[in-house]
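Read off the chains here:
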Amino acid sequence: MENTKLTPIIVKRRGDGFEFVPSTTFASLMIGGFVAGSAIYLYLSTYFIRSANPLIGVTLLLAGVLIAAMAIRAWRTRNTPLNVENGGRVSYGERELCAAGTVRSVRIVPSLGGEVGDCEVRLELADGSQVAIPSQYFAGFRSRKHARPFAAEFAKALGVQVTESADE
């Protein structure tokens, strides 16, 4: 994950552990996609509100506002790091996800939302529970093949193994 132009996630070694951040290219594409989608929906909503069908226009307006909110969230969180400290404490920004030494494995699991084949990376704790990563930059992957490099780097930083859940 060294080439910042080709990888979605950058791993940086810090004095007290590792820091995972989305690459500038990945963040820009995500934000740009949301902005473009919002602009299209807002444009279409004005057309429908003015001439064709105001009910469809209002629906498109609400969808455009929702997508704009997603763009704002992506913009605000583009520099928020996923941190792994030397003791194994995992945090996202200021929020602690796992206390030191509680992570048993990094797990690739089928996504609860999205399309068939989508998956996400979660932390499996010693008590058997799983913790999701709360960022859109680290949460969803199109396939296990796309999730494995991130999961491997994350597991390496934690000193644990990667496990994969069976497809459900």
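Scroll up to find the structure.
The structure presented is a predicted model; accordingly, all values stated were derived computationally and were not measured.

1. Side note on helix H2 (residues 54–77)
Between the first and last C-alpha of H2 there are 35 Å, a value that for 24 residues agrees with the 34 Å anticipated at 1.5 Å per step. Of the residues making up H2, those classed as buried are Gly57, Leu60, Gly64, Ile67, Ala71, Ala74 and Thr77. Residue Asn53 occupies the N-cap position of H2, its side-chain oxygen lying 3.1 Å from the main-chain nitrogen of Leu55.

2. Digging into a nonpolar patch on the surface
A surface patch of nonpolar side chains, amounting to about 410 Å² of accessible area, comprises Ile49, Val58, Leu61, Leu62 and Val65. Element by element, the count of residues in the nonpolar patch is highest for H2, at four residues. Residue position: Leu62 is located in helix H2.

3. Description of the pattern of salt bridges
In total, this model carries nine salt bridges according to the counting rule given. One salt bridge connects Asp118 with Arg142, and the closest N-O pair in it is separated by 3.4 Å. Remark: Arg142 occurs in the loop between strand E9 (140–141) and helix H3 (144–158) and Asp118 occurs in the loop between strand E6 (103–110) and strand E7 (119–125); sequence separation between them is 24 residues. The class of Asp118 is buried, set by a relative accessible area of 13%. Among the salt bridges present, the one from Arg144 reaches Glu164, with a minimum N-O distance of 3.3 Å. A residue pair is termed long-range when its members are at least 10 positions apart, and Arg144 in helix H3 and Glu164 in strand E10 (residues 161–164) qualify at 20 residues. In this structure Arg144 comes out as buried when scored by relative accessible area, which is 15%. The class for Glu164 is partly exposed, based on a relative accessible area of 35%.

4. Regarding the pairing of strand E2 (residues 17–22)
Taken across its six residues, E2 has five buried, putting it largely inside the fold. Strand direction decides the pairing type here: strand E1 (residues 9–14) and E2, joined by six bridges, are antiparallel. For Ile9, the partnering residue across the bridge sits in E2 and is Pro22. The turn linking E1 back onto E2 is made up of two residues. Alignment of E2 against strand E3 (residues 82–85), held across four bridges, turns out to be antiparallel. Paired with Glu19 across the strands is Asn83, a residue of E3.

5. Side note on the packing of aromatic side chains
What characterises a pair of aromatic rings is the spacing of the ring centres plus the angle enclosed by the ring planes. Per the stated rule, a full pass over the model turns up five aromatic pairs. Pairing Phe20 with Phe150 gives two aromatic rings, centres 5.8 Å apart and planes at 85 degrees, and the pair type is edge-to-face. Here Phe20, found in strand E2, pairs with Phe150, found in helix H3; they are 130 residues apart in sequence, far enough to count as distant. Residue placement shows Arg78 over the ring face of Trp75; its charged tip is 3.6 Å from the ring centre.

Cut-off values and rules
- Residues numbered from 1 in each chain as written.
- Predicted model: local features only at pLDDT ≥ 70, side-chain atom pairs only at ≥ 80, totals over all residues.
- Heavy atoms only, no water.
- Helix = DSSP H or I, 4+ residues; strand = E, 2+ residues; numbered from the N terminus.
- Expected span 1.5 Å × (residues − 1).
- Buried < 20%, exposed > 50% of the residue type's maximum accessible area, 1.4 Å probe, protein only.
- Polar contact = N/O pair within 3.5 Å; in protein donor to acceptor, adjacent residues only side chain to side chain.
- Patch = residues over 30% accessible without salt bridge, like charges linked within 9 Å, V, L, I, M, F, W, Y side chains within 5 Å.
- Areas by Shrake-Rupley, 256 points an atom, 1.4 Å probe, with all protein chains shown as cover.
- Salt bridge = Lys/Arg side-chain N within 4 Å of Asp/Glu carboxyl O.
- Pairing = 2+ DSSP bridges.
- Phe/Tyr/Trp six-rings, centres within 6.5 Å; stacked < 30°, edge-to-face > 60°.
- Lys NZ or Arg CZ within 6 Å of the ring centre and 35° of its normal.

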